[in-house]
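Spelled out from the first residue to the last, the chains are:
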Amino acid sequence: MLVLPLLLMGWSSLQSWRVDSALGEAQIMRQWLANPSEALLGQLPRDERKLVIDEQHRRERFQRMVEQTEADRGALHLRQVLATLSHWLAIAALLAGPATWLKLRVDAWRAVRSRDFLHDRLSTRWRVLSQCLMVHTALLMGSLGLALLYELSWAHSTPQAGKLAMLLMCLPVVPVLGVGAALILRLRQHWQVLDAPCSTFLGRALGRTDAPGLWAWVESLAQSTGAPVPDHIVVGIDQSFFVTSVEVMLQPSGQVLKGRTLYLPLTYLSCMSQDEVASVVGHELGHFTSRDTERGSEAVARFNMMCLHFSLITGEGTPPSWIERPAIWMAERFLYHFQIAVQHWSRAQELVADRAGAQIAGPRLFCQALLRVIALDDAIAALLHQRRQPDLIQALAAHLREHSLCLSEQVLGRAVPHPFDSHPPTAVRLQQLDVMLDAQLLTEATRRPSDHDRHWFGQLASPSPAATAKPGSPE
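Because the structure is a prediction, the values reported are computed rather than measured.

Participant: Could you clarify how one ought to interpret the overall build of the protein in this entry?
Facilitator: Counting its secondary structure elements, the protein contains 18 helices and six strands. Burial status across the protein gives 48% buried among its 475 residues. For the protein, the share of sequence-separated contacts (at least 6 apart) that also reach a separation of at least 24 residues comes to 80%.

What follows is the structure in structure tokens.
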């Protein structure tokens, strides 16, 4: 960020000095032709004043050089302008880089201290950063391009042998300009996608007519927690429990859902009791209890999209060129510092949602459900990565018949996986609910799934209204 502008400033200063030297030498030669003296010869370059020739030949030589300089005076002044502009553009880049970095740090500092600033300004600051990076890159490109034009103009006025050598020296600059232009194009394209965030998940939406019992159950849970009822309920297999207010596209149907969406994973549902799932769903609905938690989920979803945009900007593992490194470094610093703010407020919101989940069947049962989700996560993730089972639910049931779930004290440092929110460590969540991790709690969380665990959700989600059950009830 600092070295590149300084190098360009040095190059443009050297170019300006070359023009000044050519004009100065021509002026000295003109004075010598009018009044020959050793003092004037002493002001010329060493190679020129040490040349062993008589005065007549020196006069003819100086006359040719002066005439050539006069004929090239217009081009020399143009090169002087190019060098000056290149120098000032490099200075502007030198100032713009640290200014952008300072603004980034101030914004990140404000985001950690103000939840409203994070929720309201995250997207705006990301767009402002993109504009600053495009300006910074354009300034570097402009300075480099003007320096290249200077050298091409000088090569045009040199003899044929020198012209070829100078052109070979300028040739590596052309690909760099192309890389810089491509970076500006990528910055412009990928940042615009943030205007319409959309997440894609594998799943199927269940309408009220498809599963009236399930909807009645979720509505009763929402009433218990004082949360609004979700607009959509989606069942799938590739995620854990979550809610979101951002636009969701379902695969393979391509259906787009807008509004509040509750995602229920069939994998976990087939291994947990209805009371445990009720506690977890109560926690997720707790994110809708206040606008702050809902806005927080939206902010985390946008931040995850920013991370995706950053991966698109950096390319497929290819090392960035030196002209790209300042912009990529700045974007990386933005994500790093704002991630601290996102995690800070997201974890605070998770603790608020934990209290909502504990209202359903008590803090201890909620913590039991939390531990069971963590215990099931490793087994489900392993089966998802194998991708050989025609029926993931049956494969999970078979796996749990042969293998026991296990949890150790290390689980206290783990967090529940989530596509949007950043969960606090499990130890912090249990401490906030004043629940001790004892042997009985671990035993309940790691038990083998019962027949009721495997079938209650299928009965609840059937099209028959008779399947409706109360929150937390086994029937």
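Next comes the rest of the account.
Participant: Whenever I open this one, helix 15 (residues 392–402) confuses me. Can you help?
Facilitator: An α-helix turns once every 3.6 residues. As a result, residues three or four positions apart point the same way. Considered for burial, the residues of helix 15 that qualify are L392, A395, L396, A397 and L400. Contact partners of the buried residues in helix 15: helix 10 (266–269) and helix 14 (363–386).

Participant: How should I be thinking about the nonpolar core in this particular structure?
Facilitator: Side chains of nonpolar character tend, in soluble globular proteins, to be buried together. With 53 residues, the main nonpolar core has L214, W217, F241, L264 and M272 as its most contacted residues. The element contributing the most residues to this core is helix 14, with 12 residues. Counting 28 residues, the second largest nonpolar core, distinct from the first, contains A108, L133, I328 and V342.

Participant: Whenever I open this one, the pattern of salt bridges confuses me. Can you help?
Facilitator: Think of it this way: side chains of opposite charge can pair up when their charged atoms draw near. A full pass over the atoms with the stated rule returns 13 salt bridges. The closest approach of N and O atoms between R30 and E70, which form a salt bridge, is 2.4 Å. Taken together, the residues span a long stretch of sequence, with R30 in helix 1 (residues 3–34) and E70 in helix 4 (residues 55–71) at a distance of 40 residues. Judged by relative accessible area, which is 27%, R30 ranks as partly exposed. Here R364 and D438 are joined by a salt bridge, their closest N and O atoms 2.9 Å apart. Of this pair, R364 sits in helix 14 while D438 is found in the loop between helix 16 (426–432) and helix 17 (439–445), placing the two residues 74 residues apart along the sequence. Classification of R364 by relative accessible area gives partly exposed; the value is 34%. Owing to a relative accessible area of 29%, D438 belongs among the partly exposed residues under this scheme. Bridged by salt links that share partners, the residues E276, R372, R447 and D453 form one connected network.

Participant: I keep staring at the pairing of strand 2 (residues 232–236) and nothing clicks. Help me out?
Facilitator: Remember that side chains alternate between the two faces of the sheet whenever the strand is regular. For strand 2, a buried count of five out of five residues is recorded, marking the element as mostly surrounded by other parts of the structure. The alternating pattern of strand 2 places H232, V234 and G236 and I233 and V235 on opposite faces, both of which are buried. Pairing geometry for strand 2 and strand 6 (residues 261–265), over five bridges, is parallel. Bridge assignment links H232 to a residue of strand 6, and that residue is T261.

Participant: Would you mind showing me how to read the packing of helix 9 (residues 212–225) against helix 18 (residues 451–460) here?
Facilitator: A pair of packed helices is captured by two measures, namely the crossing angle of their axes and the spacing between those axes. Where helix 9 contacts helix 18, the axes come no closer than 7 Å and their chain directions differ by 100°. Between helix 9 and helix 18, the interaxial angle falls into the category roughly perpendicular. Listed contacts from helix 18 to G213, L214 and W217 of helix 9 are W456, F457 and L460. In terms of residue class, the contact of helix 9 with helix 18 is built from five nonpolar, one polar and no charged.

Participant: I keep staring at unusual backbone geometry and nothing clicks. Help me out?
Facilitator: Only a minority of non-glycine residues have a phi that is not negative, and only a minority of peptide bonds are not trans. Along the chain, Q251 connects to P252 via a cis peptide bond; the corresponding omega equals 5°. In this structure, P252 sits in the loop between strand 4 (247–251) and strand 5 (256–257). Even without being glycine, D434 reaches a positive phi, approximately 60°. Mapped onto the elements of the fold, D434 is located in the loop between helix 16 and helix 17.

Participant: What am I meant to see in the packing of helix 1 against helix 6 (residues 115–157) here?
Facilitator: Close contact between helix 1 and helix 6 brings their axes to 10 Å; oriented N to C, the two are set at 30°. Taken together, the axes of helix 1 and helix 6 are roughly parallel relative to one another. In terms of crossing hand, the pair formed by helix 1 and helix 6 is left-handed. Of the residues in helix 6, those touching helix 1 at L4, P5, L8, W11, Q15, S16, R18 and V19 are L140, S143, L144, A147, Y150, E151 and W154. Each residue belonging to the contact of helix 1 with helix 6 can be placed in one class, and the counts come to 10 nonpolar, three polar and two charged.

Participant: How do you make sense of the packing of aromatic side chains when you look at a structure like this?
Facilitator: Remark: the centre distance and the inter-plane angle together describe each pair of aromatic rings, the angle taken between the planes. A complete count under the given rule lists eight aromatic pairs for this structure. Judged by centre distance (4.9 Å) and plane angle (45°), the rings of F201 and F242 are tilted. Here the residue F201 occupies a position in strand 1 (residues 198–205), and F242 occupies one in strand 3 (residues 242–244), the gap between them amounting to 41 residues. Each member of the pair, F201 together with F242, is buried. Here the aromatic rings of W456 and F457 are separated by 5.7 Å at their centres, their planes lie at 85°, and the arrangement is edge-to-face. This pair shows no difference in class: W456 is buried, exactly as F457 is. Ring pairing ties together the aromatic residues W126, F334 and F338, which thus form one cluster. One cation-aromatic arrangement involves R333 over Y336; the distance from NZ or CZ to the ring centre is 4.7 Å.

Participant: I keep staring at the side chain of Q15 and nothing clicks. Help me out?
Facilitator: If you trace the backbone, Q15 turns up in helix 1. According to the relative accessible area criterion, Q15 is buried, its value standing at 0%. Contacts of Q15, omitting those with residues within four sequence positions, involve A83, A147, Y150 and E151.

Basis of the calculations
- Residues numbered from 1 in each chain as written.
- Predicted model: local features only at pLDDT ≥ 70, side-chain atom pairs only at ≥ 80, totals over all residues.
- Heavy atoms only, no water.
- Helix = DSSP H or I, 4+ residues; strand = E, 2+ residues; numbered from the N terminus.
- Buried < 20%, exposed > 50% of the residue type's maximum accessible area, 1.4 Å probe, protein only.
- Contact = heavy atoms within 4.5 Å.
- Core = buried A, V, L, I, M, F, W, Y, C linked by side-chain atoms within 4.5 Å.
- Salt bridge = Lys/Arg side-chain N within 4 Å of Asp/Glu carboxyl O.
- Pairing = 2+ DSSP bridges.
- Axes fitted to C-alpha atoms, helices over the stretch in contact; angles between N-to-C directions.
- Parallel < 35°, antiparallel > 145°, perpendicular 65-115°, else oblique.
- Nonpolar A, V, L, I, M, F, W, Y, C, P; charged D, E, K, R; others polar.
- Left-handed = near helix turned anticlockwise from the far one by under 90°.
- Phe/Tyr/Trp six-rings, centres within 6.5 Å; stacked < 30°, edge-to-face > 60°.
- Lys NZ or Arg CZ within 6 Å of the ring centre and 35° of its normal.

As far as function goes, none of this settles anything; it's purely spatial.
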